[in-house]
Structure formats: structure tokens, C-alpha cells
Amino acid sequence: MATRHDAAAPPVKEGGAAPGRPLADSEAARKKRARLSRRWQRDMRWSPYAFVSPFFLLFLAFGLFPLLYTGWASLHQVELTAPTDMSWVGLRNYTRIFDDDFFWNAAKNTLTIGIISTVPQLLMAMGLAHILNYKLRGSTFYRVVMLAPYATSIAAASLVFVLLFGRDYGMINWVLNAVGIDHVDWQNDKWPSQIAVSTIIIWRWTGYNALIYLAAMQAIPQDLYESAALDGASRWRQFLHVTLPSLRPTILFTVVVSTIGASQVFGEPLLFDANKGASGGSQHQFQTLGLYLYEQGWINQHLGRASAIAWTMFLILIVIGIVNYVISRRLRASS
């Protein structure tokens with residue numbers, strides 16, 4: 001006869017907890033879950049601010065504070081030899097730079113160099129992006145090659161172009177002489193020097209803008225091109241009536257960014273100068289606002305005047321941003 005070794009489970013007391021799970025343990029687990037829930041809510045609420053806080057801390061230390069301090073210094077007469085010795089002059093630094101012919105010469109040079117460098121740069125970038133938008137063998141290699149000038153050191157690039165634009169032994173003059181054109185003094189004549197400086201800027205930034213245009217072109221729906229092809233539109237007409245209208249926001253973005261960059265040109269003209277100074281040539285023929293600021297602050301040691309120039313350039317950038325905002329709103333309204 002088989003014997004039974006199992007026993008019936010003990011009865012659960014009415015209103016009590018299960019065996020082995022005291023009421024105190026369940027209460028502790030509930031409190032733990034509540035504590036973890038509150039911690040999770042705090043984490044979800046404050047973690048984004050913690051992630052972005054390093055940027056704002058660095059901006060306060062190296063961006064906002066220098067900006068405000070520069071604005072305060074622009075209202076004082078202060079020299080580089082005694083930066084803590086300030087005397088209040090109000091708007092005198094601003095009136096002095098506006099009455100300075102060298103300031104207006106630098107502003108004109110910045111404008112002309114910006115136009116000479118920006119317009120060909122964006123046109124070439126658009127053409128390169130249109131070519132790379134088609135299926136080419138080794139397209140990744142060409143994209144890397146176009147971005148290489150942007151990654152190259154500005155000092156190395158400028159020194160190479162100095163050799164290319166040399167008056168007596170430069171390769172550019174050698175080519176011009178081969179076709180019957182006399183040597184050009186690229187560093188001492190006004191327009192040739194500005195063209196040479198603009199060439200350095202074009203070489204460095206064309207590939208960067210081309211990749212931006214290429215990314216925008218690849219985002220255009222292919223259905224638009226197929227519909228245009230069915231209507232008998234050639235590739236040129238597709239580019240004019242499909243590609244360009246779709247790229248209007250991107251074109252506006254590159255124009256604004258290139259304009260801001262042109263207003264802050266510094267390294268190229270500084271290294272292109274044969275005298276290795278901040279005068280922008282023997283007759284200030286390619287001195288930009290950036291070089292003028294550097295000359296006033298670190299060569300002439302007038303920190304107050306240099307601060308006024310910096311704030312003037314900052315106000316120019318604000319005007320450019322406002323114009324960009326107005327144009328972009330009108331483009332969105334028209335589309």
C-alpha cells in the first residue's frame with residue numbers, strides 16, 4: 001500500500017499575508033518602488049539639463065563673459081600694458097573708429113573680398129554638387145577629396161598660396177608669362193592681392209559648401225525628376241525648375257554663413273602679407289576688419305578701441321541675421 005508523503009498547505013489566515021511574505025516586507029517593497037519611481041521622474045526631468053549644461057558653462061566662461069567685458073571695455077580708454085587701468089570715455093572709441101579712414105578702408109576690403117570669394121565659391125560648389133549627385137564610380141572618394149581643403153591647416157594652405165602667387169618665382173606668374181601676360185605683383189597691388197586672398201578662401205570652403213548642397217539635393221524626391229523627364233524636360237531644365245527651387249533654403253543658409261565668415265576673415269590675409277604684419281599689405285590694400293581689430297588691440301595696444309571694433313563687427317552680424325530672418329520668412333510665405 002502506497003504511503004502519501006505530501007501534506008496539505010497550511011491555511012491562510014483571513015486578512016493576513018501569504019506565508020513567508022510578512023506585511024512589513026511588502027510595505028518596504030512598496031516604499032522602495034515609490035522611491036525608485038520618484039528618482040526616475042527626477043532623472044527624466046533634470047537629465048536633459050545636465051546633458052546640455054557643459055555647453056552653457058563653457059559659453060558663460062568663454063563666450064558671454066568676454067562679450068560683456070568687451071562691451072564694457074569699449075566704453076573706456078584702456079591699454080594692453082595696463083588692462084585693469086580704465087578711464088571712462090563713453091562712445092568716444094566708436095566715434096574715433098568711424099572717423100578713421102583705415103576703418104572704412106578695412107570695411108571696404110572686407111566687403112570686396114567677401115564678394116569676390118563668396119560668389120564664385122557658391123557657384124562652384126553648386127556645380128560640383130550637381131555632378132556628384134549623379135551616380136559616379138568612386139563618389140565617396142571624390143567627397144573626401146572635396147572636404148580635404150577644409151580639414152587642411154589654414155597656415156599651411158596660406159603659405160602654399162604665397163609661393164604660388166610669388167611675384168618673381170610663383171607658378172601663377174609663370175603660367176601667365178607663358179601665355180604672354182606680364183608678371184603681376186600679387187602682394188602689393190590692390191585688386192590682385194584681394195583676388196589672391198579670395199582664392200585661398202575659395203579653395204578652402206568650396207568643397208564644404210558642395211557637400212551641403214549635395215546633401216540637400218539627395219533629399220529632393222526623385223518623383224519630381226521623373227515627372228519632369230516625362231514632360232520632356234532636359235537635365236538643364238530639371239536643374240533650373242526642380243533642383244534650384246528645392247534648394248532655396250539651403251542656398252540662403254550657405255549665403256548667410258559665407259557672409260558671416262567673410263566678415264571675419266583673418267588668417268588668410270595675415271599670412272599672405274609679405275611683411276608678416278597686420279597692416280594688410282604695404283598700403284593696407286587687403287586689410288580686413290579682423291586684421292584692423294588685431295592691429296589696434298595687439299600691435300597698437302589700444303584695447304578700448306579694439307573692443308569697439310569687435311562690437312561693431314558683432315552688430316554687423318546681427319544685421320545680417322535679421323536680414324536672413326526676413327528673407328527666410330518671405331521665402332516660406334511664398335512657398
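Provided above is the structure to which this section pertains.
So, a few notes on the structure that sits alongside this text. Keep in mind that what you see is a predicted model, and the values were worked out from it rather than measured.

A few points about the overall build of the chain
Next, step 1: For the chain, the count of helices and strands is 13 helices and 2 strands.
Next, step 2: Each of the three principal axes of the chain carries a C-alpha extent, and together these read 125 × 70 × 45 Å.
Next, step 3: Within the chain, the proportion of its 335 residues that are buried is 34%.
Next, step 4: Counting contacts in the chain only where the partners sit at least 6 residues apart, residues at least 24 apart contribute 66% of the total.
Next, step 5: Entry remark: accessible area of the chain is about 21,800 Å², with carbon and sulfur atoms responsible for 65%.

Topic: a positive patch on the surface
Next, step 1: The grouping of Lys32, Arg35, Arg38, Arg39 and Arg42 at the surface amounts to a positive patch.
Next, step 2: On the secondary structure map, arginine 38 appears in helix α1 (residues 23-73).
Next, step 3: On the basis of relative accessibility, which here comes to 45%, the residue arginine 38 falls in the partly exposed class.

Here we look at the pattern of salt bridges
Next, step 1: Across all of its chains, the model carries 3 salt bridges by this definition.
Next, step 2: Where aspartate 168 meets arginine 167, a salt bridge forms, and the shortest distance between an N and an O atom there is 3.5 Å.
Next, step 3: Of the charged contacts in the structure, one is a salt bridge between arginine 167 and aspartate 185, with a shortest N-O distance of 4.0 Å. One end of the pair, arginine 167, is in the loop between α5 (154-164) and α6 (171-178); the other, aspartate 185, is in the loop between α6 and α7 (190-218), with 18 residues separating them in the sequence.
Next, step 4: Judged by its relative accessible area of 44%, arginine 167 falls in the partly exposed class.

Observations regarding a nonpolar patch on the surface
Next, step 1: Residues Trp46, Tyr49, Phe51, Val52, Phe55, Phe56, Leu57, Phe59 and Leu60 make up a contiguous nonpolar surface patch of roughly 1,000 Å² in combined accessible area.
Next, step 2: Note on placement: tryptophan 46 falls in helix α1.

Things to note about the packing of aromatic side chains
Next, step 1: In the structure shown here, the tally under the stated rule is 22 aromatic pairs.
Next, step 2: On the basis of an interplanar angle of 15° and a centroid distance of 6.2 Å, the ring pair of phenylalanine 55 and phenylalanine 59 is categorised as stacked. With phenylalanine 55 and phenylalanine 59 both in helix α1 and 4 residues apart, this pair spans about one turn of that helix.
Next, step 3: The class of phenylalanine 59 is partly exposed, set by a relative accessible area of 39%.
Next, step 4: Note on tryptophan 236 and phenylalanine 239: the rings are 5.9 Å apart at their centroids and 25° apart in plane angle, and the pair reads as stacked. Taken together, the positions of tryptophan 236 and phenylalanine 239, both in helix α9 (residues 235-246) and 3 residues apart, correspond to about one turn of that helix.
Next, step 5: A relative accessible area of 56% means that tryptophan 236 is categorised as exposed.
Next, step 6: Pairwise contacts between aromatic rings join Phe161, Phe165, Trp186, Trp203, Phe272 and Phe286 into one cluster.

The rules we used
Just so you know, the residues in each chain are numbered from 1, in the order the chain's sequence is written. Where local features are concerned, this predicted model is filtered to residues with pLDDT of at least 70; where side-chain atom pairs are given and counted, the filter is 80 or more; whole-chain, interface and lining totals use all residues. The side-chain figures draw on all heavy atoms in the structure; neither hydrogens nor water molecules are used. Per the convention used, a helix needs a DSSP run of H or I reaching at least four residues, while a strand needs a run of E reaching at least two, with both numbered from the N terminus. Each residue's exposure class comes from its accessible area (1.4 Å probe, protein chains only) as a fraction of the maximum for that residue type: buried when under 20%, exposed when over 50%, partly exposed otherwise. By definition, residues are in contact when any of their heavy atoms lie within 4.5 Å. Per-residue and other accessible areas were derived by the Shrake-Rupley procedure at a 1.4 Å probe size, with only the shown protein chains allowed to occlude residues. Residues forming no salt bridge and having over 30% relative accessible area are the ones grouped into patches, like charges within 9 Å of each other and nonpolar side chains (Val, Leu, Ile, Met, Phe, Trp, Tyr) within 5 Å. The term salt bridge refers to a pairing of a side-chain nitrogen on Lys or Arg with a carboxyl oxygen on Asp or Glu at a separation within 4 Å. Asp and Glu count as negative and Lys and Arg as positive, but His and the ends of the chain are not part of the count. We put the charge of a Lys on NZ, of an Arg on CZ, of an Asp on CG and of a Glu on CD. A pair of aromatic rings is counted whenever rings of Phe, Tyr or Trp (Trp by its six-membered ring) have centres within 6.5 Å, and the orientation is called stacked for planes under 30 degrees apart, edge-to-face for over 60 and tilted otherwise.

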